[in-house]
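In case you want the letters, here they are:
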Amino acid sequence: KISVPIKIDVITLEDFLIEKKIKIVDLLKIDTEGYEFKVLKGLGKYIAKIRFIHFEHHFDDMIIKNYKFYDINKLLKKNGFVMIKKSKMVFRKSFEYIYENQILNWIWIKLFFSALYNISVSKNHSLSLQSSITFNIASFFANLNPHWAS
């Protein structure tokens, strides 16, 4: 039993991403035993910069929390995420989930094919293939991550 409180400094993921100048997160794995919703809310507008989110959710009373799975699902769907994987954890009334940011991943796919085939994509997501095929691999990867260009 802990009899002396311990002070721990905590920052939001939004502040961390800003401080470290992180532009895109490929995979965010959250295992915070009942604080998953707070972690996701702590991303703020930077939730749009996450490609995949992997977390577990407990449906039993083992962990006291002030939210339901519905709240997480609603937040993620509102921000362009869709569930792509759900698996039950053995011996627990818990599930693991993986969500994909379809908006961000659509942008990456659009960048890739635009660079590869000189394709233009209209606002209604229809593709128009140009007759000439040009591809500059260095400029493509520079668009994805400026550090890869050097």
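Just above sits the structure.
Since this is a predicted model, take the numbers as computed values, not measurements.

## Here's the deal with helix H3 (residues 69–78)
Along H3, the positions that sit buried rather than exposed are Phe-69, Ile-72, Asn-73, Leu-75 and Leu-76. Down the axis of H3, the buried side of the element spans an arc of 165 degrees, and every buried residue falls inside it. Residues of H3 that are exposed and point over 90 degrees away from its buried face: Tyr-70, Lys-74, Lys-77 and Lys-78. Close packing links the buried residues of H3 with helix H2 (36–41), strand E2 (50–58), strand E3 (81–88) and strand E4 (94–101). Gly-80 sits one or two positions beyond H3 and adopts a positive phi of about 90 degrees.

## Let's talk about the sheet that holds E4
Here we have 4 strands laid out as an open sheet, ordered E1-E2-E4-E3, and mixed in their pairing. Of all strands in the sheet, those with a lone pairing partner are strand E1 (25–30) and E3, marking the two edges. Adjacent strand axes in the sheet meet at a mean angle of 15 degrees when their direction is disregarded. Strands E2, E3 and E4 of the sheet are contacted by H3, whose axis makes an angle of about 175 degrees with E2.

Cut-off values and rules
- Residues numbered from 1 in each chain as written.
- Predicted model: local features only at pLDDT ≥ 70, side-chain atom pairs only at ≥ 80, totals over all residues.
- Heavy atoms only, no water.
- Buried < 20%, exposed > 50% of the residue type's maximum accessible area, 1.4 Å probe, protein only.
- Helix = DSSP H or I, 4+ residues; strand = E, 2+ residues; numbered from the N terminus.
- Arc of directions from axis to C-beta.
- Contact = heavy atoms within 4.5 Å.
- Pairing = 2+ DSSP bridges.
- Axes fitted to C-alpha atoms, helices over the stretch in contact; angles between N-to-C directions.

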